[in-house]
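# Coordinates in review
The lines below spell out each chain.
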Amino acid sequence: MSDTARYEFFLFLLTVTLVLELAARKLKLPPAAAFILGGIGLALLPGAPSITFDPELVMLVFLPPLLMSSAWFTAWREFRQNLAGILLMAVGATVFTTAAVGWAAHLLVPSLPLAACFALGAIVSPPDSVAAEAALERLSLPGRLTSLLQGESLLNDAAGLVLFRFAVVAALTGVFSPIEALTTFCAVSVGGVLAGLAVGFIGRFAIRRLKNSDMIITATVLLAEAAYIGADVLHVSGVLSTVVAGLVLGWHQHTDFDAATRIRAQAFWKVLVFLLESVLFILIGLSLRGVWTRFHGAEDILHHFIYPTAGMVAVMIVSRFVWLYGWDGVTTLLRMRWPERFERPSLGVSTIMGWAGMRGVVTLTAALSLPENFPGHDLALMCAFASILVTVLVQGTTLGSIVHWLKVSGDSELSMMRENENKAWIAVADAQLKAVEEASRREDGTERHPRMLEQYRYRAKIVREYAADVEQYRPEEVAHYEALLRAIQAGRQEIIRLHHSGEIHDRTLREMEHALDMQEIFALSQVEP
């Protein structure tokens, strides 16, 4: 395939993403499931090109920006509060799943070396951050549960990849030292955190000296790649480095960025993540063609591949539940001794966390990066693809139903958040009123800005009345902003008329339209539930 043909095929994939996204919304499917099914459909079409890609290049292109985006918008306070639980899943569950799948592979395929079996377990052990985000974005879950799932998916890739590399080396060389592996794992993890902190704070220093929004947004993309590549050069965890850099930049964005930059950055990252995620999942589906052709001529494919793969995928899913329920049992015992230090386990929360372990890009790229002479190479590819298909297409599409059936909801927390928001608006209104009063008061006691002072006093009064009885004032608030939207639309039509008649310049149109757009975005956010 020529470079021109590759580019045209890429444009075709972008067109397919739009169609699949619309289909997912119409059928109420998780977008990731629709994209993988679409990729499989394309792969099975007669004459479809066989897609091959460099796994390291895929990791480099897709993983840093997706990790940076997830970390950037992570709720830092919840992440820090639940760090122990996140590490318990990111490290503990990943190691446990690796061991469980590894022993299952050894029992199902006795001819496979034990180190190769554990490499296979490491491939399928870490749930994927992209798949998790795609499954959770449309669900209303308790904040702690969401924080645990998002935090786990951010950190467990590092644990899984480190385990994978050790197992591959052991399988190819026949040499493995548990002490050396543990020491290297700690060094790689700590080094990745330190590298991410360095990139994050150096990035802040650079960003605060850039005055242009376009340059700042470009710098955030470069910082994601710099964190990943820099850590790789230092032989530490690029995943942890990128995540930590994203946490640092995301925490300080509220003070380091101006309003226009924040709005543009959020819009840019939202579109970029959509494009990367959709193309990535379609590529996963397309890779089926190359995987299937490898197995098509294998002798007794059902016995040598299908049965072992089904058994290992089942162990992969069950082991996650075993870990979660087992830890719930440990927590229950600890609560008997220290009831104030441990929260009561929730069977519903553990079940949802167990069912939300979707696999994705890291699993596939790890399997594709195996050397051709690796023992069980083809079986590892089959297991990787099957784990992605089963978890995304089955667990991802049914996760919403499981949440509804278990009646685990974040509605009460949402109500509390709205109550806190009302209190915050009262505090903001008081602070603004105080600032205007100080700016308006002359030395002789008269007011410099009486009209502005009147507006802010009225605003403070309305905010208090609204917070005291939201249900009473909500219909009036909606009516107010609906009237504002009509006024904005009338203003928009007028500036378009003035522009078309040649009375105002293009630049004037864009500036006035931007001001009206900002007003419309705010008004719509107040009208929509």
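Residues numbered from 1 in each chain as written. Predicted model: local features only at pLDDT ≥ 70, side-chain atom pairs only at ≥ 80, totals over all residues. Heavy atoms only, no water.

### Brief notes about the pattern of salt bridges
A side chain with one charge may pair with a side chain of the opposite charge, provided their charged atoms come close. Evaluation of the coordinates by the stated rule reveals 10 salt bridges. Salt-bridge contacts for E454 lead to R451; the nearest nitrogen and oxygen are separated by 3.4 Å. Of this pair, E454 and R451 both sit in helix 18 (residues 450-468), 3 residues apart, roughly one helical turn. The residue R492 makes a salt bridge to E520 at a minimum N-O spacing of 2.2 Å. Here E520 lies in helix 20 (residues 506-527) and R492 lies in helix 19 (residues 470-500), a separation of 28 residues in the sequence. Take R492: its relative accessible area is 11%, and that puts it in the buried class. (Salt bridge = Lys/Arg side-chain N within 4 Å of Asp/Glu carboxyl O. Helix = DSSP H or I, 4+ residues; strand = E, 2+ residues; numbered from the N terminus. Buried < 20%, exposed > 50% of the residue type's maximum accessible area, 1.4 Å probe, protein only.)

### Details of helix 1 (residues 3-27)
For the α-helix, the turn length of 3.6 residues means that residues three or four positions removed from each other point alike. Here helix 1 spans 36 Å end to end across 25 residues, near enough to the 36 Å set by a 1.5 Å rise per residue. Within two residues after helix 1, K28 carries a phi angle of roughly 55 degrees, on the positive side. (Expected span 1.5 Å × (residues − 1).)

### As for the environment of T184
Summarising the element assignment, T184 is placed in helix 9 (residues 178-207). A relative accessible area of 29% means that T184 is categorised as partly exposed. Distance in space between the C-alpha atoms of T184 and V236 is 9.3 Å, their sequence separation being 52 residues.

### Regarding helix 20
An ideal rise of 1.5 Å per residue puts 32 Å on 22 residues; helix 20 measures up with 31 Å between its terminal C-alpha atoms. Those residues of helix 20 hidden inside the fold are in contact with helix 19. (Contact = heavy atoms within 4.5 Å.)

### Regarding the nonpolar core
Counting residues in hydrophobic clusters, the biggest one holds 76 residues, and the most contacted among them are F62, L63, M68, L145, I282, L286 and M353. At 12 residues, helix 12 (residues 259-295) tops the list of elements feeding residues into this core. In contact with M353, other than residues within four places in its own chain, are M89, L145, L148, L149, R320 and L324. (Core = buried A, V, L, I, M, F, W, Y, C linked by side-chain atoms within 4.5 Å.)

### Quick notes on the packing of aromatic side chains
Scanning the entire structure with this criterion turns up 7 aromatic pairs. Ring centres of F268 and W269 lie 5.9 Å apart, and the angle between their planes is 85 degrees; this geometry places the pair in the edge-to-face category. With centroids separated by 5.9 Å and ring planes inclined at 45 degrees, the aromatic side chains of F321 and Y325 adopt a geometry described as tilted. In this pair, F321 and Y325 are both assigned in helix 13 (residues 301-337), 4 residues apart and thus about one turn of the helix distant. Taking the ring centre of F205 as reference, the NZ or CZ of R209 above it sits at 3.7 Å. (Phe/Tyr/Trp six-rings, centres within 6.5 Å; stacked < 30°, edge-to-face > 60°. Lys NZ or Arg CZ within 6 Å of the ring centre and 35° of its normal.)

### Quick notes on the packing of helix 5 (residues 83-108) against helix 6 (residues 114-124)
Orientation of helix 5 relative to helix 6, taken along the N-to-C sense of each, is 135 degrees, at an axis distance of 7 Å. One way to sum up the angle between helix 5 and helix 6 is to call them oblique. In the packing of helix 5 onto helix 6, the handedness of the crossing is right-handed. Side by side, helix 5 and helix 6 meet where T98, A99, V101, G102, W103, A105 and H106 of the first sit next to L114, C117, F118, L120, G121, A122 and V124 of the second. (Axes fitted to C-alpha atoms, helices over the stretch in contact; angles between N-to-C directions. Parallel < 35°, antiparallel > 145°, perpendicular 65-115°, else oblique. Left-handed = near helix turned anticlockwise from the far one by under 90°.)

### Brief notes about the side chain of T94
Assignment of secondary structure puts T94 in helix 5. The buried category is assigned to T94, whose relative accessible area is 1%. Beyond its immediate stretch of four places on either side in the chain, T94 contacts M89, S125, N156, A159, G160 and L163.

### Some points on a nonpolar patch on the surface
Together, V190, V193, L194, L197 and F201 make up a nonpolar patch on the protein surface, roughly 420 Å² of accessible area in all. With respect to the helices and strands, V193 occurs in helix 9. Using a relative accessible area of 32% as the deciding quantity, one classes V193 as partly exposed. (Patch = residues over 30% accessible without salt bridge, like charges linked within 9 Å, V, L, I, M, F, W, Y side chains within 5 Å. Areas by Shrake-Rupley, 256 points an atom, 1.4 Å probe, with all protein chains shown as cover.)

### With respect to the packing of helix 2 (residues 31-44) against helix 16 (residues 377-406)
Running from amino to carboxyl end, helix 2 crosses helix 16 at an angle of 135 degrees, the nearest separation of the two axes being 9 Å. The angle between helix 2 and helix 16 falls in the class oblique. You can see that helix 2 and helix 16 cross each other, and the crossing is left-handed. Contacts between helix 2 and helix 16 involve A32, A33, I36, L37 and I40 from the first element and I388, L389, V392, L393 and T397 from the second.

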